[in-house]
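Here is what each chain is made of, one letter per residue.
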Amino acid sequence: MMPCYQLPISQMRRFGLALMLPVTLLGVALANQLQTATAQTPGENRPLTIRADVQEYDAKNQVITARGNVQMSYPARQIQATSAQAQYFSKERRIDFSGNVYILQQGGNSIRAEKVTYLIDQGRFVALPQSNRQVESIYMIQESDNDGQTAKPAPQTPAFKRSN
């Protein structure tokens, strides 16, 4: 066997690539495992759980950034969400979602948008669509009046008349 300093450059490169492939595959496999972060709201100890392929925490600004297959569960507010990326700003008590955002509240209300900001203390969502698209929201409306009785059915919509 020849010492490595006498091997041609092309063989040394192949040898290096052969060593790098298992390391790279191991790194990709580890990165694809879901990571979980749980944040607490002040004084309430109610978990907000975020799962994603990759997460970063900025301790100075107290911001968690989650990227790739993001899943958020916030049982205290009965909210579940998925997106490509999410940022939890704990100081501002705000969550920014981006990339194919879908938010579902218990009871069936939902939002689909490109970007959604959830203002935790206000319980308010602000949704923005992709360019030349629209935000879709579905709200479940309870059909009852103030006395708790079932409301009367909506009147029939008259048929359209054709004009020739």
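Located above this text is the structure these notes cover.
The following paragraphs examine the structure supplied in this document. From a predicted model like this one, the values you see are computed outputs, not experimental measurements. (Residues numbered from 1 in each chain as written. Predicted model: local features only at pLDDT ≥ 70, side-chain atom pairs only at ≥ 80, totals over all residues. Heavy atoms only, no water.)

1. Remarks on the overall build of the chain
For the chain, the count of helices and strands is 1 helix and 9 strands. Ordering the α and β elements of the chain from the N terminus gives α-β-β-β-β-β-β-β-β-β. When each of the 164 residues of the chain is scored for burial, the buried share is 21%. Entry remark: accessible area of the chain is about 12,600 Å², with carbon and sulfur atoms responsible for 53%. (Helix = DSSP H or I, 4+ residues; strand = E, 2+ residues; numbered from the N terminus. Buried < 20%, exposed > 50% of the residue type's maximum accessible area, 1.4 Å probe, protein only. Areas by Shrake-Rupley, 256 points an atom, 1.4 Å probe, with all protein chains shown as cover.)

2. Points about the pattern of salt bridges
The final tally for this structure, using the stated rule, is 4 salt bridges. A salt bridge links Asp96 to Arg94; the nearest nitrogen and oxygen atoms lie 3.1 Å apart. Residue class for Arg94 comes out partly exposed when judged on its relative accessible area of 22%. (Salt bridge = Lys/Arg side-chain N within 4 Å of Asp/Glu carboxyl O.)

3. Quick word on the side chain of Ser110
Summarising the element assignment, Ser110 is placed in strand 7 (residues 110–119). Accessibility expressed as a relative area gives 6% for Ser110, which makes it buried. Not counting residues up to four positions away in its chain, the partners in contact with Ser110 are Tyr102, Ile103, Leu104, Glu136, Ser137 and Ile138. (Contact = heavy atoms within 4.5 Å.)

4. A closer look at the environment of Gly68
Inspection of the secondary structure assignment puts Gly68 in strand 4 (residues 63–74). The spacing of Gly68 and Thr82 is 14 residues in sequence and 9.8 Å in space, taken between C-alpha atoms. With residues up to four places along the chain from it excluded, the contact list for Gly68 reads Ala52, Asp53 and Ala84.

5. Description of the pairing of strand 8 (residues 124–128)
Bridge count between strand 7 and strand 8: 5 bridges; the pairing is antiparallel. Its bridge partner lying in strand 8, Thr117 is registered against Val126. Connecting strand 7 to the antiparallel partner strand 8 that follows it, the hairpin turn spans 4 residues, and Gly123 within it adopts a positive phi of roughly 65°. (Pairing = 2+ DSSP bridges.)

6. Let's talk about the packing of aromatic side chains
Counted according to the given criterion, the structure contains 1 aromatic pair. An angle of 25° between the planes, with centres 4.5 Å apart, marks the rings of Tyr118 and Phe125 as stacked. On the basis of relative accessibility, which here comes to 21%, the residue Phe125 falls in the partly exposed class. Here the guanidinium or amino end of Arg94 rests over the ring plane of Phe89, the centre of that ring lying 4.0 Å away. (Phe/Tyr/Trp six-rings, centres within 6.5 Å; stacked < 30°, edge-to-face > 60°. Lys NZ or Arg CZ within 6 Å of the ring centre and 35° of its normal.)

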